[in-house]
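# Structural overview for review
What follows is the residue order along each chain.
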Amino acid sequence: MKSQKVAIIKNGIDIGKIIPFNKDEGEYDFKISFVKNDYEVNMYPFLSSAPEKVELEDMASWEISYHRKTIMKPTVILLKEEKSQEHKPLPLNRLVDPTSHNEFPIPFMRVEIPSDFSGKIYDSKSKENILFDIKDANVAEFYLTHIDFDYERFARKWPTISLRLMVASFEFFATNNLLTDNGKFKYFMPSDGGVRAGAEEFIVNNDMKFYINLYNNPELIGEKIKVTFIENEFADALLGLSSIGYKNEEGKVEMIPAYQEDLSRDTMPKEEKRKWEYRFNKMRDKLEREIRKVKRSRFIKSNEMI
């Protein structure tokens, strides 16, 4: 399969490009260029409460490249200056790659475009193979999956989890805090009570593709595009273990993990349900250990600073 370059536009304005490379053709899986548009990078490490910002001189000349894990190196996201080839790795260590074994999409990147953004008009004669128009949306959340991933099958099998994936704030999958992006709760779901369209998708390279949630946040202002990355190692656990409310037989609201709500439905065989119950219990144990470890490390560092 030949890799295809993707041009991202918004009502005719050129926003950026995703340029894929297969492992046997290049040193990275894909790179992202914002085609001379000024932008800033925000990062949410695991369990962080506020983003860390990266703002370099002339950010418009820096591209972003994604390098999956190898035997010798961990997964890394790099900033690379186009002319000098100087590169700076983003300080995100807890990253996972999509494989054929992933049950859930992996949160990768959010792009936010100011409501009054003005850029160059996209050159329709350009050689991009795929044109991705976000139209009236100005927020795009990108999720990585293996190329064989079927979103509709995923949504049928995991209806509660798939809905939580769409409506939860993007950085929740690192921060474990649902309130880090109030704008999404305010503008993501249709105000007229209608049904929201499913995620858009396009192929990245031989074994990866993106699913994209789109919505419009009119409160976004400024001159720069804002790009957000997160540490996504525990995204599956935070997604499946997040609490949802349901009414019991007495009409009272009870809170249970999202995965338990899905396992109570008739969407998979009993044997598979038992396997997932076991897997989520293991995820919970590992997540709780890591949370304790991070909190202990922060406590020690804070005492050292006194």
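Everything below is about the structure printed above this text.
As a starting point, this report considers the structure included with it. (Residues numbered from 1 in each chain as written. Predicted model: local features only at pLDDT ≥ 70, side-chain atom pairs only at ≥ 80, totals over all residues. Heavy atoms only, no water.)

## Let's talk about a negative patch on the surface
- A surface patch of like charges, here negative, comprises Asp38, Glu57, Asp58, Asp116 and Glu223.
- Secondary-structure assignment places Asp38 in the loop between strand 3 (30–33) and strand 4 (39–44).
- Judged by relative accessible area, Asp38 falls into the partly exposed class, the value being 34%. (Patch = residues over 30% accessible without salt bridge, like charges linked within 9 Å, V, L, I, M, F, W, Y side chains within 5 Å. Areas by Shrake-Rupley, 256 points an atom, 1.4 Å probe, with all protein chains shown as cover. Salt bridge = Lys/Arg side-chain N within 4 Å of Asp/Glu carboxyl O. Lys, Arg positive; Asp, Glu negative; His and termini not counted. Charge placed at Lys NZ, Arg CZ, Asp CG, Glu CD. Helix = DSSP H or I, 4+ residues; strand = E, 2+ residues; numbered from the N terminus. Buried < 20%, exposed > 50% of the residue type's maximum accessible area, 1.4 Å probe, protein only.)

## Examining the sheet that holds strand 4
- Taken together, seven strands build an open sheet; the order of strands is 5-4-14-9-11-13-12 and the sheet is mixed. This sheet does not close on itself; its edge strands, each paired only once, are strand 5 (52–54) and strand 12 (200–205). The average undirected angle you get between the axes of adjacent strands in this sheet is 25°.
- Where strand 9 (residues 106–112) meets strand 14 (residues 225–230), four bridges bridge the pair, whose relative direction is antiparallel. (Pairing = 2+ DSSP bridges. Axes fitted to C-alpha atoms, helices over the stretch in contact; angles between N-to-C directions.)

## Structural notes on the side chain of Thr228
- Tracing the sequence through the fold places Thr228 in strand 14.
- Using a relative accessible area of 1% as the deciding quantity, one classes Thr228 as buried.
- Residues contacting Thr228, with those up to four places away along its chain left out, are Asn42, Tyr44, Phe108, Met109, Arg110, Glu112 and Phe170. (Contact = heavy atoms within 4.5 Å.)

## So, the sheet that holds strand 8 (residues 87–89)
- The strand order 8-7-6-3-2-1-10 describes an open sheet built from seven strands, whose pairing is mixed. Because the sheet does not close on itself, it has two edges, and the strands there are strand 8 and strand 10 (130–133). Put simply, the sheet's adjacent strands are angled 25° from each other on average, direction ignored.
- By the bridge criterion, four bridges tie strand 1 (residues 6–10) to strand 10 in an arrangement that is parallel.

## Let's talk about the pattern of salt bridges
- Applying the stated rule across the entire model yields 20 salt bridges.
- Residue Arg94 is joined to Glu290 by a salt bridge in which the shortest nitrogen-to-oxygen separation is 3.1 Å. With Arg94 in the loop between strand 8 and strand 9 and Glu290 in helix 7 (residues 270–304), this residue pair connects regions lying 196 residues apart in the sequence.
- Among the salt bridges present, the one from Glu103 reaches Lys157, with a minimum N-O distance of 2.8 Å. Residue Glu103 is located in the loop between strand 8 and strand 9, and its partner Lys157 is located in helix 1 (residues 151–157); the two are separated by 54 residues in the primary sequence.
- Each member of the salt-bridge network shares a partner with another, and the members are Arg94, Glu233, Glu290 and Lys293.

## Observations concerning helix 7
- Under the 1.5 Å per step criterion, the end-to-end length of helix 7 is 51 Å for 35 residues, consistent within 8% with the ideal 51 Å.
- Buried residues of helix 7: Lys273, Trp276, Phe280, Met283, Leu287, Glu290, Ile291 and Val294, and no others.
- At its buried positions, helix 7 is contacted by helix 1, helix 2 (159–167), helix 5 (235–241) and helix 6 (258–263). (Expected span 1.5 Å × (residues − 1).)

## Let's talk about a nonpolar patch on the surface
- Side chains of Leu178, Leu179 and Phe185 sit close together on the surface and give an oily, nonpolar patch of about 290 Å² of accessible area.
- As for its placement among the helices and strands, Leu178 is situated in the loop between helix 3 (172–175) and helix 4 (182–187).

## Thoughts on the packing of aromatic side chains
- Within this structure, the stated rule accounts for 25 aromatic pairs.
- Residues Phe172 and Phe173 carry aromatic rings whose centres are separated by 5.4 Å and whose planes lie at 70° to one another, so their mutual orientation is edge-to-face.
- The class for Phe173 is buried, based on a relative accessible area of 1%. (Phe/Tyr/Trp six-rings, centres within 6.5 Å; stacked < 30°, edge-to-face > 60°.)

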